[in-house]
Amino acid sequence: MEKASLILKNGDIKTCDLSGKLIEYEAMAVAGEKILAVGSTQDIEKYADPETEILDLHGKTVFPGLCDAHLHASSTREILGKYNLYATVEEEHTRAETIEIVQDTIRKFMETEDISRGIRLTGWNPVVFCNSAEGFPTAKDLDEACDEVPVVLRSVCQHYIWLNSCALEKAGIGKGFPDIKDGVVYRDDEGVPTGIFQEISAVNYIKEILPEADHTVEEYKESILQFQNMFALPMGITMICDALATPNAMEAYRELALSGELKVRVSGVYSFTPDRLDEILKTVIERKNSGVDTAGDMYHVPTAKFFEDGVEFMFYMREPFEADALKKAGYPSDYRGVPQWRPEKLKELFTALDREGFQIHVHAMGDGAARDTLDAIEYAREKNPGADHRHAIAHVMNISDADIERMAALHVIGSVQPCWGIFDSFEQGNISLMGEKRIEEGYPYGKLYRRGVRLASGTDFPIVPILNPYQGMQIGMTRQVPKTHPDYEEYHDCIRGGEECRVDFAGMLASYTVNGAYEMFYEDITGSLEAGKSADFVILPTAISEVDVYDYEFIRPESVYFKGKKVIG
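So, here is what we can say about the structure in this document. On a predicted model such as this, the values are computed, not experimentally measured, just so you know.

This brings us to the overall build of the protein. The number of helices and strands found in the protein is 22 helices and 23 strands. Evaluated residue by residue, the protein yields a buried proportion of 61% over its 569 residues. Roughly 22,200 Å² of accessible area belongs to the protein as shown, and the carbon and sulfur atoms make up 48% of that amount. The centroid of the 58 positive side-chain charges in the protein is displaced by 4 Å from the centroid of its 95 negative side-chain charges.

And the structure:
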């Protein structure tokens, strides 16, 4: 009989299988990097020998290593520098105040930091400008703070990029600059770009033509390790999907995996935009088939990522936005957003990618975006019978009941963000755009869960600058504002969507463990605690049954193990 290097006994070991069933054990044996056996303390003690480390849990809970199924870990450095623009989001500000905060932050940056490669900052709030009659700012507003080097500012949602005049000039952007397919180029009355570019196709294009708009491979390696060591491992997260990494970031992941510095399994995506589509398709198929983006069991890229809609007025809805908001913004009364892809092109692409073995991961906020996405997935399934590459819809802000049923029938994963399922001052402000009904029905994760949709939970970090899966579990189970939220006193009694939108404990645990592993094609390696799988697990400081669900957000692991080795605690 093989002997254990580590035995955990007298514990409360909780894991879920792929059906979502909660399974509980008392003890677990680990041999090297793998789980040797699970069962009762009596069953497991027989795997001990004199050299086995014995850990008596005294009733403490053990979870599998947790998963964040949708985030942007490679962008972590954007919130860790001395300077960022999140102050424009954290409190309510006028348009003028927001611009002043941005300008002051740039000036402070220039006083202390090296600006030889330009200035890159993240976090400004586009909603302030969407809601202002004066509209968006321009490059000239940034020039007042800095006109010496390129200034590149990403919005908090990552869907906008704001450049100063120096950046525009260096990128060759001026009069005659063409439109960017499915992106928005803000222009003045003479058609000259003003410095604001919207949606991922536009943001990606700017990164390609302006080196200062992206980080280097070495900078990304630093960012990824900061994420791993400061955020992920301390929370017990041992597996992630980076849902929008640039080529430089992808190379950084690969190099870290090969060097052994990566202690979190990573699944990546190839991003698709409508411009240069044939070139992108050819390139990603070649890369996938060559294995160049795979590094053992630590890093791979099985996924094609699409944006079917955007943010704010770029949500793609089945019904128009609120009349007053449309009038104020100058949109026609029947405007309901626009899809970023023509339905027939989406069907064609999904069919081709599905045939090549790609998983398809779609950003779809509005119910119109969800419907078009499901139409395309259904079409691809009809053309490729028997194929099931675990396609996923990310976010799922609004969706019809009929399309929830279709998600379940088509086995489409809901790659969701439970922390968004609360009603607070931010959503109160969105009522003017979306109306009360659509806000109340937003992020209906309990409805998805009860109708058989597999949920894989994430945070969208650092777009949301809090990485706390325990808070996510709490909000998924309560649909209420957590105690640490600044709006707690005013909104804590609101249960968004009512009881039917709540998910039970087993559903939330599965969504942060085995379902995330399944979405990333790692379920044979990790995601649950069973013999033969990687010994990735989290030990909590107490039994989870002793923690009130409204206090989950305060949980911090006592220790974290990855491949059988303690990495935290």
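Moving on, we come to the nonpolar core. Counting 136 residues, the largest nonpolar core has Ile106, Trp124, Leu153, Phe272 and Phe306 as its most contacted members. Not counting residues within four places of it along the chain, the set of residues in contact with isoleucine 106 comprises Ile119, Leu121, Leu142, Ala145, Cys146, Val151 and Leu153. Counting residues in hydrophobic clusters, the runner-up holds 17 residues, among them Ile161, Leu168, Ile173 and Ile180.

Moving on, we come to the side chain of asparagine 398. Relative to the helices and strands, asparagine 398 is located in the loop between β18 (392-395) and α15 (401-409). Engagement of the side chain of asparagine 398 in a polar contact is seen with the backbone oxygen of arginine 438, the distance being 3.0 Å. In contact with asparagine 398, other than residues within four places in its own chain, are Met317, Met365, Gly366, Asp367, Ala370, Met434, Arg438, Glu441 and Gly442.

Taken together, the buried positions of helix α16 (residues 425-434) are occupied by Glu427, Asn430, Ile431, Leu433 and Met434. In an axial view of α16, the angular spread of the buried residues amounts to 160°, which keeps them on one side of the axis. Elements in contact with the buried residues of α16: α12 (323-329) and α17 (436-440). Capping of α16 at its N-terminal end is provided by aspartate 424; its side-chain oxygen lies 3.2 Å from the backbone amide nitrogen of phenylalanine 426. The first or second residue beyond α16 is glycine 435, which carries a positive phi of 90°.

On the basis of which strands lie adjacent, the open sheet formed by six strands has the order β3-β2-β7-β21-β22-β23 and mixed pairing. The open sheet terminates on both sides in strands that have one partner only, identified here as β3 (22-25) and β23 (565-568). Along the sheet, successive strands turn relative to each other by an average axial angle of 25°, direction set aside. The pairing of strand β22 (residues 559-562) with β23 spans three bridges and is antiparallel. By the bridge assignment, valine 560 is partnered in β23 with isoleucine 568.

What counts as what
- Residues numbered from 1 in each chain as written.
- Predicted model: local features only at pLDDT ≥ 70, side-chain atom pairs only at ≥ 80, totals over all residues.
- Heavy atoms only, no water.
- Helix = DSSP H or I, 4+ residues; strand = E, 2+ residues; numbered from the N terminus.
- Buried < 20%, exposed > 50% of the residue type's maximum accessible area, 1.4 Å probe, protein only.
- Areas by Shrake-Rupley, 256 points an atom, 1.4 Å probe, with all protein chains shown as cover.
- Lys, Arg positive; Asp, Glu negative; His and termini not counted.
- Charge placed at Lys NZ, Arg CZ, Asp CG, Glu CD.
- Core = buried A, V, L, I, M, F, W, Y, C linked by side-chain atoms within 4.5 Å.
- Contact = heavy atoms within 4.5 Å.
- Polar contact = N/O pair within 3.5 Å; in protein donor to acceptor, adjacent residues only side chain to side chain.
- Arc of directions from axis to C-beta.
- Pairing = 2+ DSSP bridges.
- Axes fitted to C-alpha atoms, helices over the stretch in contact; angles between N-to-C directions.

Geometric descriptors of this kind do not, in isolation, establish any biological role.
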